Amino acid sequence: MSSSRRRQANPHLGAYYGILTSAFVSLVISLAMFEQLGWPEMWVARAMILVPLALYLAISLGACTLNVEDFFASGRRVPPVYNGAALAAVLIGGTGFFAYTGTLFFLGFDALAIGLAWTAGLIMSGLLFVPYLRKAGAYTMPAFLGQRFRSRPLRAMASVLQLPPAAFLLAAEIKVAALIIAMFLPLSHQLAVACVAIIIACVTIVGGMRSLTWSASAQFIVGAVGFAVPLIIVSVLLTNLPAPQLTYGELFEPLKRSETVAGVSPSAPGELATALPHEQPRPSAKPFLQAFGAVSRTDFLTLFLCLTLGAASLPSLLARGGVTSSVADQRRSVAWGVFFVALFAISAPALAAFVKLLVFQDIAQAPASALPSWLNDLSAYRLLFARDANTDGAIEAAELFVARDGIVLVLPMAARLPFVCTVLMAAAGLAIALAAAASHLFTLAGSLADDVIRLVDPRSEVLPRLMVAWVAIAATSLAAGVFLAFAEIDVMRVAIMAFASAAATFFPVLLLAIWWRRCNWLGAMVALGAGFATMAAAVAFGGAPIAGQFRLTTVLAALIGAALGLIGGLIGSLLGPKPTPAEQAYFEELRDPSGDALHDRPQRRTAVAAASQ
Amino acid sequence: MSEQPGRDRHRWKTLLLALATLIIVFAAVFAAVAFAGRLDQIGFLRFPLGFYLLAQGLLIAMVALAFWSTRMQERIDRSFSEGEEL
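None of these values were measured; they are calculated from a predicted model.

**A few points about the overall build of chain B**
Consideration 1: Broken down by element type, chain B carries 3 helices and 2 strands.
Consideration 2: Secondary structure elements in chain B, listed N-terminal to C-terminal, are α-α-β-β-α.
Consideration 3: A compact globule built from 86 residues would reach a C-alpha radius of gyration of about 12 Å, whereas chain B, at 19 Å, exceeds it by more than 25%.
Consideration 4: By principal-axis analysis of the C-alpha atoms, chain B measures approximately 60 × 20 × 15 Å.
Consideration 5: Going through the 86 residues of chain B one by one, you find that 33% of them count as buried.

Take a look at the structure:
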């Protein structure tokens, strides 16, 4: 078949990324040697941050394209493993990299809901949505809804409602990336935000989904190497084995002892909104292993369900739904994504436990007059402070202030590893944050351009279609940059809000559109609207008590919104007209796992007709 | 119209596989959360079992489940497309 030949991936892909991995590893090794030879830390940091950045930009330029299918669907020839890596990078993101590990440090057991939810959500998405989106082959998720129900207004509405989840995550990821850049390069926060916004806009404009895919694969490799190397070194130092995931269990006894010495006693669960740690440095007050000591059992499950539904229907993940060469490959790519996400979710608790043990052993059990020297470095980076407030000569847990998003950077410093390990960790987080930020930017702006702006001018030719997308991408990244230069956001709360609004708005409509034949445009609109309205109500009330003790928190609103969306979608569909034969045929075709993507058929027919003339 | 029964069987198998996988995932997580306190009394690889399941055990199981269900689905799809050609 001619189409299958065209869909083949570059056979040298493995070699390219092998070379890239070895180049990055040799950069790390050379910088480690230069550091020992007396290079100043500043130079090591700049090289470690800037060289990979140049690499990502070079890869994106190499993947530049003017082809519409390449721009929106990466040419539908991405091998499953690479797409899985990109899915994992987008789902975890810089927010997960820095804030999830930090939350684990503060909450221990109670934070595990987040890692579980990512994994379960991706599985759910792979079973319920992704194969059918691949078969449909629409470039964006709103375009799929528009084609499924033959409704342009629905398509525009879905595109606009993508704004909350995608824009929240975009802002969070840009902020994380800017924090790292401002920490290690001589730039102010505003300039760092501008830099990040320009970088992701460049990556996205030159090649759309194609350059996103290939730069995200490189960023995933940098992220994985940068996260694993310091963690494995610390694991060898503490437990003599290079498998942190297996061995951190044996550190629980010393960890419990040092927690007791530092004055951490079992706590009682409070409300979810206050239990989740804030960005500002604060003391850690809950024993690592205590189950449900900060987040109650019910809140744990609510958070798990909310994030699961959110991850399953996250627009930025579903936008990658059409990039592989077949439905079967798309399924496999999700399975690989689950594997990579689970690998991170398994390693993160080990990292948090290591940091807690190192910090508590070294600081909380030492006399206040003889604190370790690395504490000064960490204070200089504003990651950790200790002051003997009650002047009893010892630092207790309550006197030790830890910044939530800096835990991964505390690990190499507190373990007294060479400075290169600290910047390696930072470069890893930066890579993942950039991959996620560019992906959210493309999802948001690409959809606004293709689904909303083109409504006004649907007969645009190839170049104008991409130009509209370029302008939308540039404008969106400018808006996000300007917003972040002035606004203060807590990245984890914003990310949870984004997952919650994705769950409330898109989960019901996708479930009904893909699995219920009778669903029609009216039901889909009601489902979208009901979910969105519930989230809007939650934001308006801001967690204040509504009736008696009942508070509509973001997380709870997501579940209520999803349920209302499902009910509204059912009622709306039954009240509305019966689906037309064309809609029913589309529904049937979605379920056939073989053959071309439905979206590509008209194009192929046109191409065949043009060739035969 | 001879393809109708085959197509229906394919649909049912696909739906059943998706539901079974999701039910296993959610039931396992809910059970591990519900009995976390009691499971923590048991040791496993020097971890308390309740913590181990949520931090690692269930995640490993989910990865295995994801690859298993992908393979099962491919088998279902293959038997469908072979039946279709007959």
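Past the structure itself, the notes keep going.
**Topic: the overall build of chain A**
Consideration 1: Looking only at helices and strands, one finds 26 helices and 4 strands in chain A.
Consideration 2: Taken over the C-alpha trace, chain A has a radius of gyration of 24 Å; the compact-globule value for 613 residues is 25 Å, and the two agree within 12%.
Consideration 3: Dimensions of chain A, computed from the C-alpha atoms along their principal axes, are close to 85 × 60 × 40 Å.
Consideration 4: Per-residue burial over chain A gives 59% buried out of 613 residues.
Consideration 5: Partitioning the contacts of chain A with sequence separation of at least 6, the portion at a separation of at least 24 is 83%.

**Some words on the environment of Ala216 of chain A**
All names here are of chain A.
Consideration 1: Among the structural elements, Ala216 can be located in helix α11 (residues 189–239).
Consideration 2: By the C-beta count within 10 Å, which is 32 here, Ala216 ends up buried.
Consideration 3: Separated by 102 residues in the primary sequence, Ala216 and Leu318 place their C-alpha atoms 16 Å from one another.
Consideration 4: Leaving out residues up to four positions away in the same chain, Ala216 has contacts with Ala86, Ala89, Ala435 and Ser439.

**Examining the packing of helix α8 (residues 141–148) of chain A against helix α20 (residues 419–456) of chain A**
Residue and element names in this part refer to chain A.
Consideration 1: Following both chains from N to C, one finds α8 and α20 inclined at 30 degrees, their axes separated by 9 Å at the closest point. Comparing the axis directions of α8 and α20 gives the class roughly parallel. Here Pro142, Ala143 and Gly146 of α8 lie close against α20, whose contacting residues are Ser447, Asp450 and Asp451.
Consideration 2: Of the residues in the contact of α8 with α20, the class split is 2 nonpolar, 2 polar and 2 charged.

**Notes on the packing of helix α22 (residues 491–515) of chain A against helix α24 (residues 554–575) of chain A**
All names here are of chain A.
Consideration 1: Packing of α22 against α24 brings their axes to within 8 Å, and their N-to-C directions diverge by 15 degrees. Considered as vectors, α22 and α24 are oriented roughly parallel to each other. Of the two elements, α22 crosses α24, and the hand of that crossing is right-handed. Contacts from Ile496, Met497, Ala500, Ala503, Ala504, Phe507, Pro508, Val509, Leu511 and Leu512 in α22 reach Thr554, Val555, Ala557, Ala558, Gly561, Ala562, Gly565, Leu566 and Gly569 in α24.

**Examining unusual backbone geometry**
If a residue is not glycine, its phi is most likely negative; likewise, a peptide bond is most likely trans.
Consideration 1: Of note in the backbone geometry, Arg76 of chain A takes a positive phi value of approximately 50 degrees without being a glycine.
Consideration 2: Positionally, Arg76 of chain A belongs in the loop between α4 (68–73) and α5 (80–107).
Consideration 3: Judged by the 24 C-beta atoms lying within 10 Å of it, Arg76 of chain A falls in the buried class.
Consideration 4: Look at Leu45 of chain B: it is not a glycine, yet its phi comes out positive at around 50 degrees.
Consideration 5: Tracing the backbone through its elements, the reader meets Leu45 of chain B in the loop between β1 (43–44) and β2 (47–48).

**Re the confidence of the model for chain B**
Consideration 1: Looking at chain B as a whole, its pLDDT mean stands at 88, while 92% of the residues score no less than 70.
Consideration 2: The ipTM value of the predicted complex is 0.94, and its pTM value is 0.94.

**Concerning the interface of chain A and chain B**
Consideration 1: Of the residues lining the interface, 33 residues belong to chain A; the matching set on chain B comes to 32 residues.
Consideration 2: At the level of elements, α6 (112–128), α12 (244–247), α15 (297–312) and α17 (327–364) of chain A are the ones that each hand at least two residues to the side of chain A that touches chain B.
Consideration 3: Broken down by element, the side of chain A that touches chain B gets its largest block of residues, 10 residues, from α17 of chain A.

**What to know about α15 of chain A**
All names here are of chain A.
Consideration 1: If you check α15, its first and last C-alpha atoms are 22 Å apart, about what 16 residues at 1.5 Å a residue would give, namely 22 Å.
Consideration 2: Counting buried positions along α15 gives 12 out of 16 residues, so the element sits mostly inside the fold.
Consideration 3: Of the positions making up α15, those classed as buried are Asp299, Phe300, Leu303, Phe304, Leu305, Cys306, Leu307, Thr308, Leu309, Gly310, Ala311 and Ala312.

**Examining the confidence of the model for chain A**
Consideration 1: Per-residue pLDDT for chain A has a mean of 89; in total, 96% of the residues score no lower than 70.
Consideration 2: For chain A, the element scoring lowest by mean pLDDT is helix α1 (residues 2–6) of chain A, at 45; α6 of chain A scores highest, at 95.

What counts, and where the lines are drawn
- Residues numbered from 1 in each chain as written.
- Chains lettered and ligands numbered in written order.
- Predicted model: local features only at pLDDT ≥ 70, side-chain atom pairs only at ≥ 80, totals over all residues.
- Helix = DSSP H or I, 4+ residues; strand = E, 2+ residues; numbered from the N terminus.
- Rg over C-alpha atoms; globule rule 2.2 N^0.38 Å.
- Buried ≥ 20, exposed ≤ 12 C-beta atoms within 10 Å, placed from the backbone.
- Contact = placed C-beta atoms within 7 Å.
- Axes fitted to C-alpha atoms, helices over the stretch in contact; angles between N-to-C directions.
- Parallel < 35°, antiparallel > 145°, perpendicular 65-115°, else oblique.
- Nonpolar A, V, L, I, M, F, W, Y, C, P; charged D, E, K, R; others polar.
- Left-handed = near helix turned anticlockwise from the far one by under 90°.
- pLDDT = per-residue confidence, 0-100.
- Expected span 1.5 Å × (residues − 1).

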